[in-house]
Amino acid sequence: MNRGKLYVVSAPSGCGKGSILSEVLKNNKNLFYSVSATTRSPREGEVNGVNYYFVSLEEFKREIESEGMLEYAEFCGNFYGTPKKKVMEKLEQGFDVILEIETVGAMKIKKAMKDAILIFILPPSVSELRRRLNKRGTEEESVIDKRINEAVDEIKKAVYYDYVMMNDELEKAIKDFEAILKVSKLTIENNRNLIEEVLKNA
Ligand code: 5GP
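Residues numbered from 1 in each chain as written. Predicted model: local features only at pLDDT ≥ 70, side-chain atom pairs only at ≥ 80, totals over all residues. Heavy atoms only, no water.

Engineer: Residues and numbers for the pairing of strand E7 (residues 96–100), please.
Structural biologist: As a general feature of sheets, a regular strand has side chains that alternate between the two faces. Across the five residues of E7, four count as buried, placing the element largely inside the fold. Of the strand pairs in this sheet, strand E1 (residues 6–10) and E7 are connected by four bridges, and their pairing is parallel. The partner of Leu6 across the bridge, within E7, is Val97. Looking at chain direction, strand E2 (residues 31–33) and E7 are connected through three bridges and run parallel. Within the sheet, the bridge partner assigned to Tyr33 lies in E7 and is Ile98. (Buried < 20%, exposed > 50% of the residue type's maximum accessible area, 1.4 Å probe, protein only. Helix = DSSP H or I, 4+ residues; strand = E, 2+ residues; numbered from the N terminus. Pairing = 2+ DSSP bridges.)

See the structure below:
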């Protein structure tokens, strides 16, 4: 069985990546979404083990020390990290894995795992991003300002990704995301065995 592919998805908070990913995951049963650990408090409606593993700073540090994290980063005063074991298991089993992480963690993955595919989702504009964050109403104004500043810094790093797409219309964004998944499977690296197969009986 072929090893799965690792996809790293980054998008500033409020870009609607959650809506894109939930639809894509529904349509693609071979995709596994890696649930991260975080020291941030749960937002209303968030469920432990589904949206995140909500852990204390001590637990988070213990995981780092025991090399249980594939990557981690501090973002807006909280720690976020990818539990390593599950991701590696799923890749070995042939599942494709999605990490939804910010840019510092994404760059760490790019360096450590050369065949990872990095996808950046852009908002239509920074003002639209602010409007969406205000509408979501889960954060105070000062936190929103902080997140907008972070978003601008993150968007500058999109140039280091393999693919960039915009979420200006959900249906289109889902199609774009699935097109990236599809095309990333059609590379020479992925299909050497196919070429050999065809040539075998030449
Ligand atoms: P939020 O607090 O809005 O859920 O997430 C804040 C940021 O942390 C988002 O950009 C999200 O993608 C990122 N994030 C979530 N999980 C991880 C992780 O495991 N590692 C890293 N580096 N970033 C993460």
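Engineer: Hey, could you go over the nonpolar core for me, with residue numbers and the actual values?
Structural biologist: In terms of nonpolar packing, the biggest core is built from 23 residues, with Ile20, Met165 and Phe177 touching the most fellow members. The dominant element in this core, judged by the number of residues it contributes, is helix H7 (residues 170–184), at five residues. If sequence neighbours within four positions are ignored, Ile20 has contacts with Ile121, Met165, Asn167, Leu170, Ala173, Ile174 and Phe177. Counting 17 residues, the second-largest nonpolar core is a separate cluster that includes Val8, Phe32, Ile109 and Phe120. (Core = buried A, V, L, I, M, F, W, Y, C linked by side-chain atoms within 4.5 Å. Contact = heavy atoms within 4.5 Å.)

Engineer: Report on the sheet that holds E7, specifying residues and quantitative values.
Structural biologist: Taking strand neighbours across the sheet as the criterion, the five strands line up as E2-E7-E1-E8-E9 in an open arrangement whose pairing is parallel. A single partner strand is all that each edge strand has here, and the edge strands are E2 and strand E9 (163–166). Neighbouring strand axes in the sheet, compared pairwise and without regard to direction, differ in orientation by 25° on average. Its contacts with the sheet place helix H3 (residues 84–92) against E1, E2 and E7, and it is angled at close to 150° to E7. (Axes fitted to C-alpha atoms, helices over the stretch in contact; angles between N-to-C directions.)

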